[in-house]
Each structure stands twice: as structure tokens, then as C-alpha cells.
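Structure assessment
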Protein chains: 2
Amino acid sequence: MEEKVRVVVDAMGGDNAPGEIIKGAVQAVNGRENICVILTGYQDVIEKELAKYTYPKDRIEIVPTTMVIETAEPPVAAIRSKKDSSIVAGLTMVRRGEADAFVSAGSSGAVLVGGQAIVGRIKGIERPALAPLIPTKDGVALLIDCGANVDARASHLVQFARMGSIYMENVVGIPKPRVGIVNIGAEEEKGNALVKETFPLLKQCPDMNFIGSVEARDIPAGACDVIVCEAFVGNVILKLYEGVGATLIGKIKGSMMQSLKTKIGALLVKGALKDTLKSFDATEYGGAPLLGLKGLVVKTHGSSKAKEVEHSIYQCVQFKEQRINEKILEHIRTEDKQQEN
Amino acid sequence: MEEKVRVVVDAMGGDNAPGEIIKGAVQAVNGRENICVILTGYQDVIEKELAKYTYPKDRIEIVPTTMVIETAEPPVAAIRSKKDSSIVAGLTMVRRGEADAFVSAGSSGAVLVGGQAIVGRIKGIERPALAPLIPTKDGVALLIDCGANVDARASHLVQFARMGSIYMENVVGIPKPRVGIVNIGAEEEKGNALVKETFPLLKQCPDMNFIGSVEARDIPAGACDVIVCEAFVGNVILKLYEGVGATLIGKIKGSMMQSLKTKIGALLVKGALKDTLKSFDATEYGGAPLLGLKGLVVKTHGSSKAKEVEHSIYQCVQFKEQRINEKILEHIRTEDKQQEN
């Protein structure tokens, strides 16, 4: 058992739980040898779902819990009061070292708050960051931070840049990822107080491929691999991406239903169009890691289906195998030494 | 002449100047009786362009200038040193009351800086705001502020909301425009320090239809008519709108060129698709007014063609006829009285 990566999966979280979540877990253990999944949630519900599939029994465990945190619940209170929930139980296993990672499609707030409160930060990390992958013209970029903690300081942003860079290089496999800071112009003197303070600090980091400011217009075209910003701006970017995409696609589909002629045309382009739109769909790229914690916590979309859950589990494997947290720690130590000199 | 609206147009600003700018000016005077256009720029160049068209000679004047501010020039220095430029001359005419409005597709920075420095703020307005119209699913929304002044205060945002509301009601013709503040969640307790401070102030404004927080995801679907945010966030929204749209459309076009089958399909849907994409193109909606100044200053896209220039001139007419600045002044007086009580 020693070499296997142990991933706890919240069987109760998300719009498609438990069916799609459990299906994704089964696909992951069937897909790769080195994975063990622990499902947290209502035992009877999980057993009933698992009975539908064939899989190596010794690589899926159930940790029964009796409570579920709903999306609408205030996170802090929920984490405190619902000790026997699928989320709290999962995070506790990571803290105790009984599992390497936790994946949930449930309440974002509860996962973020619980991740910090239960798993805890890596020593030296001032603030963990939620870092989803977003689609670009020919690939993906990491948007860091989109978490719940707004009004960040410059030192937070520098740590986000470093953690994001390590993640993109080692988990996504982009050599020397280009790090950019979100700004309202390309020049160094542009920006708000936070960006102006952060910019020279990023320029001084020899271990990072900092390329300067990136304007929001250039993000979808793939201007950089790690997009650094504070959480309020990150949230706006993430959600506007979804919103503009959805509205535009809706309008395009509508325009193709206008007449018999366009309907025939639509039939002919349908397949190609579908593939294109899929490649620009954020849900295709697994979950968002909460970086900077003592273990890995991954938040997948509320609307996650089996495939996203499966990919998120593989992400956890990559994270463990690439020793991401050890690399983050090394960098923090280098940082400390630089400051001492 | 008294009842005519006098609009100064910068003949030298923008990627398509002077040709498209002058064509737009001619279209505007030919389109409506009550418009006089004053063109600022190189006299010989303007005369040569004007010679191509038929129009009422008494309704287009030339004010010759000998300098041009380039887009790349630092705005403050350019406004100070290039007194005889098309931008400074135009803004000076507005300040002196020789014209009602100024339209430019030239340097955004110079127009913003010059607007404040030369035309000046309405007494009581703490900060002017640049407020472009952005396309939504079934219409448009006003995004206020996208200007050059970042790190706004709550009192600025309240004034932006009020000016934006007046503009949308009287110039765009939306009764009781829904005002929303950009936030990272729908609940009142969500947000950064600025949003948390501004939210209750907006709630207390009886003269405004404040609907609360709006998430970036819901902006393209048309969740509100006036989108209030500080300039850094506004800039990110505006530019990401363009960026996601452009990348997605590029990918869709690419997917339709994949095979003979998709190419035939593309021919059939082409017309309908083009109309749809046009309706979602920000450049279709005229220029962005710089609200809060003693006269109207409109910044149109650098890539403006004749149609956008023409529409921007009509916007100026509407602005004057609807007495927007008088209405803004009335509201500020009411605000002052409320604070006194």
C-alpha cells in the first residue's frame, strides 16, 4: 500500500452527487494502479452506487459520515458545527496524514475555510490561494488567486506567483512558466497601489520567469501561464470568462436556429463547433487546487461530472509524485535566506 | 444657430483618422438638422477629406491646429506641451462654452487627463468617470468606472452610480435603470473593503434603483443596467469582454474551416452568425462618455469607423437635449442637503 496515493473524495458534494462523484472515483482507480480512494458520506448511499461498478475492492474505502454541508450554509459555522460531515471528515484525514489529498465538488466556502482551519497552512505561507486552470486559445493558464480572502498584500501576491509557477511547471508540465501580473496597462508605472508595490518585488525573483503586466484582453489569447492577481479581481476574471462564453454561445446557437437554411448549416458545423466550445470550457480542466496548505485540497466545479472528478484525482497523484509542497517549502526557505542576507 | 448642438470632433485621433472620422462627421450633419460639427486638426488634410462629400457647408467648421498627440505619449506631458493639438484645442472650446461636447478616438490617456485638467469637474463631483456601454444578451449596460484613476473611495462609487443611472435613463432611454455593484457573491456581507463600505451607502439612495451585488458571471446575461465598480476592476471587465469574445470567435471560425462539410455549413450560417457577433461587439455602441465634467467629453474606440463617430455625435446631442449635467448637479445638491439634515 505504501506507494499508493490516497485521495479522499467527498461523495456528497456537488450538483451531481453522489452518482457522478462515485463514478469518477471508480474510473480513477480503474484507470491507474497507484490510486486509493476513500469516499466520505452516507454509507448506504455510497454502497448502493458502488454496487453498480466493477473495480478493485481494496482500492476504494468508505468512511461513513452522517452530515452534509449544504452550499448555502455560512461556511465558518458549518465547519464548526458539522464535525461528522463528508467535508470535515475528509479534511481531517488529510491533516492527520491518513490521506494525501481531498477532492470536493461541494460548498466552496466550506472547502476554503475548512482547508485553512483543519489542514492548516504550510509554515511560512501567509495565505493559501485557490488557483483554477482557465482555458486559453491553445492551452490553459493558472489564475491565482480566486479564493475567499480579498484585499491581499504584495507579499501574498509574490507567494501566489511562486506557488503558481511551481504548480504549472510540475503538475501541468509547462517548462519555465511565464508569470504575469494583471494590470490595466503594460507599463510598469501603471496600476493600482497593490500592483505598483508587487511589480518590483516580482521583478527581483530570480527563480521565476516574470514577464511583467498582462492586460485582461490578452489573457484568453494565452499571454501568460500564471496569472497573478488578488482574489477579488481573480473572481471577476473567472466568472466573466464563464459569463461571456455562455452568453456568446447562447447567441450563436440562437442565430443558427433562425431559418431552415441556417438549421441545415448548423447540422454540418455542429460536431466541429462542439469540440471547439468544449476546449474552451473551464470544467474540462479538473479542479482548482488550494495551494499553500499542508496537504492538497482540490475544489472541483459544483456541476462536476465523473470525468472532472477522475481528472481531479489524477491531479492529486501528480501533485504528490512531483512533491509540490516540498518544492514550495524549499522556495520559502530560499526566500527567508534572501531576506536575511 | 442657437438651438443647434455644437460638437467638436478630433479629426486626427484614432487608427482610421482622418478619413473615417471626417466621414462620420459628415454623416452626422447630413443625418440630423440640429448638429454643428467643428473639426480640429491639420487644415489641408481636413479640407481634402471634406471635398469628397456633399453636406451643408454652414454646419461643419474647421479649427486648424498644428500638433497631434500620439497614443504612446505620456498624457500629462502631452497635454501641457502640445497646446496647439487637436485634443487640447477641442477641449478648450468646450471649457469656453464655444462647443457643447468633444469627441475623440485618439489617446485615451490624453482625453482623460485633458478632460479633467481643461474642461474641469462639475462642482461637487469628486472624480469624473469613464463609462463605456458594453453589450449584454439583449441590450447594453453602462460600466462605470473604466477610467485612469484607480483606488477609488466609496463616495466616488456612489457618485458613479448616480451619474450612470441618470445617463442610462436619459441618454440610453432605460426607465429606472437597475444599478448593481460588482461583487464576488450575492450576499451583502461579501466583498472587499471598498464594496462593503459602498453597499450600505447605495442602499440608502432613494433616487436610485439599487438591486445589490452583481457577480461578473451575470453581467453578460444583462443582470443590471448600470455596473458600478472602481476603475481597475472596470478595466479588467471591459478588456476581458473583448478578449474572451475575440478568442472564442476566432476558435469558432477556425472550427468551421476544418473540412469541406463544415465549410459548406459555414456558408449557410454565415449571415446570421455575423449579425449575432455584431450585436455583441462593443464598438457598435458609440463612445464612452467621461461623466462628471462641466461639458461632455466622449472617448470612442481607437479603431472607430465612421458609424461609431456618427453615433457618438448623436450621443452628444442626446446628452445636451436631456440636460444631463443639470440633472447631475440637481442630484449633488439633493445629496448635500441630505448630508446637512
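Residues numbered from 1 in each chain as written. Chains lettered and ligands numbered in written order. Predicted model: local features only at pLDDT ≥ 70, side-chain atom pairs only at ≥ 80, totals over all residues. Heavy atoms only, no water.

1. As for the overall build of chain A
On a plain count of helices and strands, chain A comes out with eleven helices and twelve strands. Against the compact-globule benchmark of 20 Å for 341 residues, chain A has a radius of gyration of 21 Å, which places it among compact chains. Looking at chain A as a whole, 57% of its 341 residues qualify as buried. For chain A, the exposed area adds up to about 14200 Å²; of that, 51% sits on carbon and sulfur atoms. The averaged location of the 42 negative side-chain charges in chain A is 3 Å from the averaged location of its 42 positive side-chain charges. (Helix = DSSP H or I, 4+ residues; strand = E, 2+ residues; numbered from the N terminus. Rg over C-alpha atoms; globule rule 2.2 N^0.38 Å. Buried < 20%, exposed > 50% of the residue type's maximum accessible area, 1.4 Å probe, protein only. Areas by Shrake-Rupley, 256 points an atom, 1.4 Å probe, with all protein chains shown as cover. Lys, Arg positive; Asp, Glu negative; His and termini not counted. Charge placed at Lys NZ, Arg CZ, Asp CG, Glu CD.)

2. Some thoughts on the pattern of salt bridges
Residue and element names in this part refer to chain A. A full pass over the atoms with the stated rule returns 22 salt bridges over all chains. E49 is paired through a salt bridge with K52; the nearest N and O atoms lie 3.0 Å apart. Residue E49 is classed as buried on the basis of its relative accessible area, which comes to 14%. (Salt bridge = Lys/Arg side-chain N within 4 Å of Asp/Glu carboxyl O.)

3. Things to note about the packing of aromatic side chains
Across all of its chains, the model carries four aromatic pairs over all chains by this definition. A ring pair is formed by F199 of chain A and F210 of chain A, whose centres lie 5.2 Å apart and whose planes are at 75°; its orientation type is edge-to-face. Residue F199 of chain A is found in helix 7 (residues 193–203), and its partner F210 of chain A is found in strand 9 (residues 209–215); the two are separated by eleven residues along the sequence. A residue is classified by how much of its surface remains accessible, and F199 of chain A, at 6% relative accessible area, is buried. Aromatic pair Y167 of chain B and F319 of chain B: ring centres 6.1 Å apart, planes at 45°, arrangement tilted. (Phe/Tyr/Trp six-rings, centres within 6.5 Å; stacked < 30°, edge-to-face > 60°.)

4. Description of the packing of helix 4 (residues 86–95) of chain B against helix 5 (residues 108–119) of chain B
All names here are of chain B. The N-to-C vectors of helix 4 and helix 5 enclose an angle of 35°; their axes lie 9 Å apart at closest approach. Seen from above, helix 4 lies across helix 5 with right-handed handedness. Of the residues in helix 5, those touching helix 4 at I87, V88, L91, T92, V94 and R95 are A110, V111, G114, G115, I118 and V119. Across the contact of helix 4 with helix 5, the residue classes break down as eight nonpolar, three polar and one charged. (Axes fitted to C-alpha atoms, helices over the stretch in contact; angles between N-to-C directions. Left-handed = near helix turned anticlockwise from the far one by under 90°. Contact = heavy atoms within 4.5 Å. Nonpolar A, V, L, I, M, F, W, Y, C, P; charged D, E, K, R; others polar.)

5. Let's talk about the side chain of N183 of chain B
Here N183 of chain B shows up in strand 8 (residues 178–183). Judged by relative accessible area, N183 of chain B falls into the buried class, the value being 2%. Of note is the side chain of N183 of chain B, whose polar atom sits 3.2 Å from the backbone oxygen of K190 of chain B. If we skip the residues at most four places from it in the chain, N183 of chain B touches F232 of chain A together with K190, G191, V195, S213, V214, E215 and A216 of chain B. (Polar contact = N/O pair within 3.5 Å; in protein donor to acceptor, adjacent residues only side chain to side chain.)

6. Let's talk about the interface of chain B and chain A
In this assembly, 50 residues from chain B lie in contact with 50 residues from chain A. The junction of chain B with chain A conceals about 4700 Å² of combined surface from both sides, 76% of it contributed by carbon and sulfur atoms. When the buried area of chain B at its contact with chain A is split by residue, I184, F232 and L240 of chain B rank highest and sum to 15% of it. In this assembly, chain B and chain A are joined by four salt bridges. The partner of K239 of chain B in a salt bridge is E215 of chain A, and the shortest N-O contact between them spans 2.6 Å. The interface formed by chain B and chain A holds eight residue pairs in polar contact (both at pLDDT 80 or more) in total. Only strand 8, helix 7 (193–203), helix 8 (231–256) and helix 9 (260–279) of chain B provide two or more residues apiece to the side of chain B that touches chain A. Sorting elements by how many residues they give to the side of chain B that touches chain A places helix 8 of chain B first, with 19 residues. A per-class count over the side of chain B that touches chain A returns 28 nonpolar, 14 polar and eight charged. (Buried area = accessible area lost by both parts, 1.4 Å probe.)

7. Some thoughts on the nonpolar core
Soluble globular proteins tend to pack their nonpolar side chains together in the buried interior. The biggest cluster of nonpolar side chains holds 188 residues, and the ones touching the most others in it are L39 of chain A together with L39 of chain B. For L39 of chain A, the contacting residues outside a window of four places in its chain are V9, A11, I22, A25, I46, L50, I60, E61, I62 and V63 of chain A. (Core = buried A, V, L, I, M, F, W, Y, C linked by side-chain atoms within 4.5 Å.)

8. Re the sheet that holds strand 12 (residues 296–299) of chain B
Consider a sheet: its strands pair through backbone hydrogen bonds, and that pairing is either parallel or antiparallel. Residues and elements named next belong to chain B. Strand order in the open sheet formed by seven strands is 3-2-1-4-12-11-5, and the pairing between neighbours is mixed. Strands at the two margins of the open sheet, each flanked by one partner only, are strand 3 (60–64) and strand 5 (129–130). Along the sheet, helix 4 contacts strand 1 (5–10), strand 2 (35–41), strand 3, strand 4 (101–104) and strand 12; its crossing angle with strand 4, the most-contacted strand, is approximately 160°. On top of the sheet, helix 6 (residues 154–172) reaches strand 5 and strand 11 (288–291); it is set at about 130° to strand 11, its chief contact. (Pairing = 2+ DSSP bridges.)

9. Brief notes about the relation of the copies chain B and chain A
Aligned on chain A, chain B shows an RMSD of 0.0 Å; the corresponding rotation is 180° and the shift along the axis is 0.0 Å. Here the two chains are linked by the operation of a two-fold rotation axis. No C-alpha of chain B lies nearer the rotation axis than that of G265 of chain B, which sits 1.9 Å from it. Both copies contact each other with a shared surface, as 100% of the interface residues of chain B are interface residues in chain A too. (Least-squares fit on C-alpha atoms with pLDDT ≥ 70 in both.)

10. A word on the sheet that holds strand 8 (residues 178–183) of chain A
All names here are of chain A. As summarised here, the arrangement of the five strands in space is 6-7-10-8-9, forming an open sheet in which the pairing is mixed. One side of each edge strand has no neighbouring strand; the edge strands of this open sheet are strand 6 (133–135) and strand 9. Each strand of the sheet is rotated relative to its neighbour by a mean of 35°, with strand direction disregarded. In this sheet, strand 10 (residues 226–228) lies alongside strand 8 in parallel orientation, the contact comprising three bridges. Looking at strand 10, one finds that I181 is bridged to V228.

11. What about helix 9 of chain B?
Helix length check: helix 9 of chain B, at 20 residues, gives a terminal C-alpha distance of 28 Å against a target of 28 Å (1.5 Å per residue), a fit within 8%. Considering bend angle alone, the principal kink of helix 9 of chain B is centred on V269 of chain B and spans about 55°. On its buried side, helix 9 of chain B packs onto helix 8 (231–255) and helix 9 (260–279) of chain A together with helix 8 of chain B. (Expected span 1.5 Å × (residues − 1). Bend = angle between axes of the 7 residues up to and from the residue.)

12. With respect to unusual backbone geometry
All names here are of chain A. The omega angle of the peptide bond from I144 to D145 is 25°, so this bond is cis rather than trans. Structurally, the position occupied by D145 is in the loop between strand 7 (140–144) and helix 6 (154–172). If you check the backbone angles, D151 has positive phi at about 55° while not being a glycine. When you line up the elements, D151 lands in the loop between strand 7 and helix 6. D151 gets classed as partly exposed once you look at its relative accessible area, which sits at 43%. Phi at R323 takes a positive value of approximately 50°, unusual for a residue other than glycine. For R323, the position within the fold is in the loop between helix 10 (306–321) and helix 11 (324–340). Taking relative accessible area as the criterion, R323 reaches 38% and is therefore assigned partly exposed.

Bear in mind that shape data such as this cannot, by itself, settle questions of function.
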